[in-house]
Amino acid sequence: MDRRQLLKHSALAVAAFTFSRDLFSREAEKIIAVNGFADFIKLSSNENPHGPSPMARKAMVAAVNGSNRYPGEVTTQLREKIATLYNLTKDHVAIGAGSSELLGITSLYAALQKGNAVAPDPTFRLWMPAARKVGLPIKLVPLTTGKVTDLQRIKDAVDAGTKMVYLCNPANPTGTVVPAAELETFIKDMAPKCVILLDEAYTEFSDEPSMAKMVNDYPNLIVAKTFSKIYGMAGARVGFTLAQPQTTKQLNNLQPWANAGASAVSLAGALASMDDKEFTRFCKKENQKARSIFYAALEKAGMPYITSHTSFVYFDSTPYGKDVRQLLESHQIVGARTFEDGTKWLRLSVGTVDEMQKVATALNT
Ligand SMILES: Cc1ncc(COP(=O)(O)O)c(C=O)c1O
């Protein structure tokens, strides 16, 4: 399918609506997701273009035959393996169908305590609409002028009714990090007051340490991690939280069936992918190479960007003059998105080296 056909398809799908580029992007994504067109480059959701790892693929294929059974034992094995990696016990680990499930459950846990939550803005918002619907007001705290999570203002926003602070480090959509020492101090100060939900979806792409080492000392600290990013298994839907056993139990109590949201096939893939260290090293390196190509293209195009600690880059398209999203879409590249109203800052996921060379060609010619 070429762009003209895609447009036709997309236009049909959105016939009931006024045509907008936002809608086009979403429709394009849907169409690409369903049909898997090789001639489109999808850079919208920070997926790992290299995954799943060879070992995970093999394990998942082998696990298909056992799909007639519920995945009891393999869930426990995965919790044990994760626990070993972080020097914890399996009772510190909750498994979800992606970390999204566990972000949702943690915010539900906060909502049940009848208070408010505090989060940076912009940030990863997927969990917010459902949390608001179950009665959790969320105070949004702007980033610093350098687009970093503003820990001081977040602290100031916490009040007696705050039941949860959500932090994402490295941050989505900006790719920035709060230095480890500052984050540690924040957790020490705030964790006695309320739940700190620390989303570490992208830590493995950065050189900053995980805060999982603090879980043993702070019962209110919940670290959320995922197999979707560095392990390249976004479609398999496996994520986990690390928290003290009594906190983990509270989260498990809000799952219809504790730790049983991910399929047996996905769990087998997650288990195997943890052994494939060569693959994760490769992904981190390739991400850095591809990111550098993108940085060079942005520099050449005169667009300021934030040095990223993740698998996406946040950049200001204002000086470029042309509409970057439209331009990329005309080159079959979908996914440039805004997260801040009234600005032309865009986030684009980092694809393969080859894909980012195509992005560079599109921007620089
Ligand atoms: C910061 C952040 N947290 C969590 C997720 C969701 O990950 P999962 O696929 O594990 O639900 C994403 C996905 O893009 C993300 O960017």
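Residues numbered from 1 in each chain as written. Predicted model: local features only at pLDDT ≥ 70, side-chain atom pairs only at ≥ 80, totals over all residues. Heavy atoms only, no water.

Draft legend 1. Quick peek at the site of the ligand. Neighbouring the ligand are 13 residues, the closest being S100, D199, Y202, T226 and S228. In the model, an oxygen atom of the ligand is placed 2.8 Å from a nitrogen or oxygen of the N172 side chain. Notes on the ligand: free accessible area 400 Å², of which the protein chains cover 93%. The residue makeup of the shell around the ligand, split by class, is four nonpolar, six polar and three charged. (Near = heavy atom within 4 Å. Polar contact = N/O pair within 3.5 Å; in protein donor to acceptor, adjacent residues only side chain to side chain. Areas by Shrake-Rupley, 256 points an atom, 1.4 Å probe, with all protein chains shown as cover. Nonpolar A, V, L, I, M, F, W, Y, C, P; charged D, E, K, R; others polar.)

Draft legend 2. The arrangement of helix α4 (residues 72-85) in detail. Taking 1.5 Å of rise per residue, 14 residues should cover 20 Å, and α4 covers 21 Å from first to last C-alpha, within 8% of that figure. Residues of α4 that are buried: V74, T75, L78, R79, I82 and A83. Looking at the buried side of α4, the elements it contacts are β2 (93-96), β8 (239-242) and α10 (264-275). One or two steps after α4, the chain reaches N87, where phi turns positive at roughly 55 degrees. (Helix = DSSP H or I, 4+ residues; strand = E, 2+ residues; numbered from the N terminus. Expected span 1.5 Å × (residues − 1). Buried < 20%, exposed > 50% of the residue type's maximum accessible area, 1.4 Å probe, protein only. Contact = heavy atoms within 4.5 Å.)

Draft legend 3. Seen up close, the sheet that holds strand β12 (residues 345-349). Taken in spatial order, the three strands line up as β9-β12-β11 in an open sheet, and their pairing is antiparallel. Looking at strand neighbours, the two that pair on one side only are β9 (312-316) and β11 (337-338), the edges of this open sheet. Sheet topology note: the β11/β12 ladder contains two bridges and is antiparallel. Across the sheet, the residue bridging to T338 is L346, located in β12. Lying on the sheet, helix α11 (residues 277-300) is in contact with β9 and β12; it crosses β9 at an angle near 10 degrees. (Pairing = 2+ DSSP bridges. Axes fitted to C-alpha atoms, helices over the stretch in contact; angles between N-to-C directions.)

Draft legend 4. Seen up close, the pairing of β2. Burial along β2 is two-sided: V93 and I95 facing one way and A94 and G96 facing the other are all buried. Sheet topology note: the β2/β8 ladder contains four bridges and is antiparallel. In the strand pairing of β8, I95 is matched with F240.

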